[in-house]
Amino acid sequence: MKKVAKFGGSSLASAEQFRKVGEIILADTGRRYIVPSAPGKRSSKDTKVTDMLYQCYEAAEAGNTYTDLLGKIKERYDEIIRGLGLDLSLEEEFQKIEVSFAEKAGKEYAASRGEYLNGIVMANYLGYEFIDAAEVIFFDQEGKFKADHTNKVLSNRLKSLERAVIPGFYGAGPDGTVKTFSRGGSDITGSIVARAVRADLYENWTDVSGFLVADPNIIRNPQSIKMITYKELRELSYMGATVLHEDAIFPVRKAGIPINIKNTNKPEAEGTMIVQSTCRQAEYTITGIAGKKGFVAVNIEKDMMNAEIGFGRKVLEAFESQGISFEHVPSGIDTMSVFVHQEEFEGREQAVLSAIHRMAEPDMIELESDLALIAVVGRSMKSNRGVAARIFAALAHVNINIKMIDQGSSELNIIIGVKNSDFEGAIKAIYDIFVESQL
């Protein structure tokens with residue numbers, strides 16, 4: 001079996017963690033292509049190397065001294081190298097970084113050096129070939145990832161290599177300038193490599209044993225999810241579940257490659273398997289619950305709205321004209337509500353309201369702020385009757401008023417709107433009725 005294994009920052013934060021990772025990799029000959037992140041926090045009071053690099057570059061950009069901070073970053077790597085007993089020096093690499101910072105190479109270059117250096121250490125430790133991601137992962141002039149070109153070049157490069165280390169998070173633009181994915185982008189790199197080598201499995205190693213049904217900061221010891229589909233994962237990731245970068249799904253989804261979320265500190269745990277489709281029923285009616293606070297509902301009323309062709313387009317165009325994207329648009333015969341991020345909306349609310357009045361001529365507009373949206377997601381929901389009724393009952397039992405409910409045509413998820421102050425209580429109530437009552 002051919003596997004790609006990506007390891008997160010917490011898995012590579014120290015020499016001790018590196019050794020755990022090495023044992024995991026060498027325990028399975030199928031783990032042939034490794035994607036490392038930059039070293040993460042060694043403790044809650046520690047700083048991630050990527051954040052240290054950002055601070056260092058900001059000082060360089062402002063014309064302040066940065067050599068001491070760069071020296072602290074070097075010491076982090078030297079500490080790992082010493083702990084692993086490696087005959088390796090990163091002196092030349094840090095000299096290049098110092099010069100590049102002085103020449104204002106850019107924040108993306110600075111941020112990428114954590115993964116780049118960790119890739120060199122990892123390749124040396126394992127005895128694998130090191131491949132600079134800037135040579136095989138490409139972005140266009142606007143910073144958009146070039147998937148097909150990358151897949152062609154990377155596939156050809158890895159075809160003749162039995163084992164290799166490709167650092168995560170970054171690639172290069174047309175002129176060779178380093179470009180990065182958004183934070184957490186090493187997950188995406190792992191997915192890109194898995195597609196390029198036509199892997200049988202993409203393992204994503206982190207500090208948790210897979211996905212949980214709900215946020216452990218809200219639910220004490222929530223149940224884990226053994227299997228989840230790409231579609232379910234997209235819904236949960238979009239609404240705040242953060243174990244895996246949501247964009248990491250697309251390359252492997254196209255190739256039909258499953259993802260296994262695993263725990264570096266508990267490698268024996270089965271974790272969560274992410275698949276394109278499955279005939280296996282979920283353990284519970286729902287697969288997971290996730291949500292976000294901080295939304296505004298723009299409630300619009302107009303008599304005979306349903307008979308007015310183009311009314312919805314005009315309303316949404318008012319938001320578009322101010323550069324505001326919407327989250328959900330539940331509607332009735334004479335009513336329409338548009339849910340948007342409050343932080344994004346507040347500074348432009350009057351411009352948006354004026355545009356709605358001008359373009360759509362509504363009878364009334366009301367705003368309701370400080371709302372939260374909760375997604376209840378599950379592939380088994382469509383085959384179980386009364387899911388929405390059970391949600392209503394659970395929230396009514398704890399005296400939580402529902403501000404909005406919206407169900408997609410796929411019947412894969414139900415979105416509920418509540419007050420910010422009811423967010424945690426709503427998640428607990430939903431979890432209790434669908435999970436705790438089934439145990």
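Preceding block: the structure.
Residues numbered from 1 in each chain as written. Predicted model: local features only at pLDDT ≥ 70, side-chain atom pairs only at ≥ 80, totals over all residues. Heavy atoms only, no water.

(A) Broad picture of the sheet that holds strand β14 (residues 404-407). Strand order in the open sheet formed by five strands is β12-β11-β13-β15-β14, with antiparallel pairing between adjacent strands. Taken across any chain shown, the strands that pair with only one partner, and hence form the sheet edges, are β12 (335-341) and β14. In this sheet, neighbouring strand axes are inclined to one another by 35° on average, regardless of whether the strands run parallel or antiparallel. Two elements, strand β11 (residues 288-301) and β12, share seven bridges in a ladder whose sense is antiparallel. (Pairing = 2+ DSSP bridges. Helix = DSSP H or I, 4+ residues; strand = E, 2+ residues; numbered from the N terminus. Axes fitted to C-alpha atoms, helices over the stretch in contact; angles between N-to-C directions.)

(B) Representation of helix α10 (residues 311-320) in the model. Within the span of α10, buried status applies to F311, V315, A318 and F319. Mapping the buried residues of α10 onto a view down its axis gives an arc of 100°, with all of them on the same face. Exposed and facing more than 90 degrees away from the buried side of α10 are R313 and E320. (Buried < 20%, exposed > 50% of the residue type's maximum accessible area, 1.4 Å probe, protein only. Arc of directions from axis to C-beta.)

(C) Layout of the sheet that holds strand β10 (residues 272-275). Here we have eight strands laid out as an open sheet, ordered β3-β4-β2-β1-β7-β9-β10-β8, and mixed in their pairing. In this open sheet, the two strands that pair with only one neighbour each are β3 (129-130) and β8 (227-229). As judged from the five bridges shared by strand β1 (residues 3-7) and strand β2 (residues 31-36), these two strands associate in the parallel manner. The partner of F7 across the bridge, within β2, is P36.

(D) Geometry of the packing of helix α2 (residues 49-61) against helix α3 (residues 67-84). Put simply, α2 and α3 touch, their axes get as near as 9 Å, and they point 160° apart. By the criterion of interaxial angle, the relationship of α2 to α3 is roughly antiparallel. Between α2 and α3 lies a crossing whose hand is left-handed. Contact residues: α2 offers V49, M52, L53, Q55 and C56, while α3 offers L69, L70, K72, I73, R76 and Y77. Here the contact of α2 with α3 is built from residues that sort into eight nonpolar, one polar and two charged. (Parallel < 35°, antiparallel > 145°, perpendicular 65-115°, else oblique. Left-handed = near helix turned anticlockwise from the far one by under 90°. Contact = heavy atoms within 4.5 Å. Nonpolar A, V, L, I, M, F, W, Y, C, P; charged D, E, K, R; others polar.)

(E) Fine view of the packing of aromatic side chains. For the coordinates displayed, the defined rule picks out 11 aromatic pairs. Ring geometry for F7 and W205: centres 5.8 Å apart, planes at 15°, overall stacked. Note that F7 is positioned in strand β1 and W205 in strand β7 (residues 201-206), a separation of 198 residues in sequence. In this pair, the class of F7 matches that of W205, namely buried. Considering the side-chain rings of Y116 and F130, the 5.7 Å spacing of their centres and the 75° angle between planes classify their relative orientation as edge-to-face. Note that Y116 is positioned in helix α5 (residues 107-126) and F130 in strand β3, a separation of 14 residues in sequence. In this structure, R113 packs its charged tip against the face of Y116, placed 4.3 Å from the ring centre. R113 extends its terminal NZ or CZ atom over the ring of Y170, reaching a point 5.4 Å from the ring centre. (Phe/Tyr/Trp six-rings, centres within 6.5 Å; stacked < 30°, edge-to-face > 60°. Lys NZ or Arg CZ within 6 Å of the ring centre and 35° of its normal.)

(F) View of the side chain of D187. Inspection of the secondary structure assignment puts D187 in helix α7 (residues 186-196). Beyond its immediate chain neighbours, meaning those up to four positions away, D187 contacts K6, Y202, N204, V243, L244, H245 and A248.

(G) Structural context of unusual backbone geometry. You will see that K104, though not glycine, has its phi angle at about 55°, which is positive. Within the secondary structure, K104 sits in the loop between α4 (91-102) and α5. Backbone geometry places F169, a non-glycine residue, at a positive phi of 90°. Assignment of secondary structure puts F169 in the loop between β4 (164-165) and β5 (170-172).

(H) Looking closely at α5. With 20 residues, α5 should reach 28 Å at 1.5 Å per residue; the first-to-last C-alpha distance of 30 Å fits that figure. Along α5, the sharpest change in direction is near 35° and occurs at R113. The buried fraction of α5 is high, at 16 of 20 residues. Of the residues flanking the end of α5, it is G127, one or two places downstream, whose phi is positive at about 80°. (Expected span 1.5 Å × (residues − 1). Bend = angle between axes of the 7 residues up to and from the residue.)

(I) Structural view of the environment of A389. Looking at the secondary structure, you find A389 in helix α13 (residues 387-397). Relative accessible area serves as the criterion here: at 49%, A389 is assigned to the partly exposed category. In this structure the C-alpha to C-alpha distance between A389 and A426, which are 37 residues apart in sequence, comes to 14 Å.

(J) Representation of the nonpolar core. Among the nonpolar cores identified, the biggest contains 121 residues, and F101 and L158 are the most heavily contacted of them. The biggest single contributor to this core is α5, with nine residues. Core analysis: the next-biggest nonpolar cluster, separate from the first, contains 19 residues, V296, I300, M305 and F345 among them. (Core = buried A, V, L, I, M, F, W, Y, C linked by side-chain atoms within 4.5 Å.)

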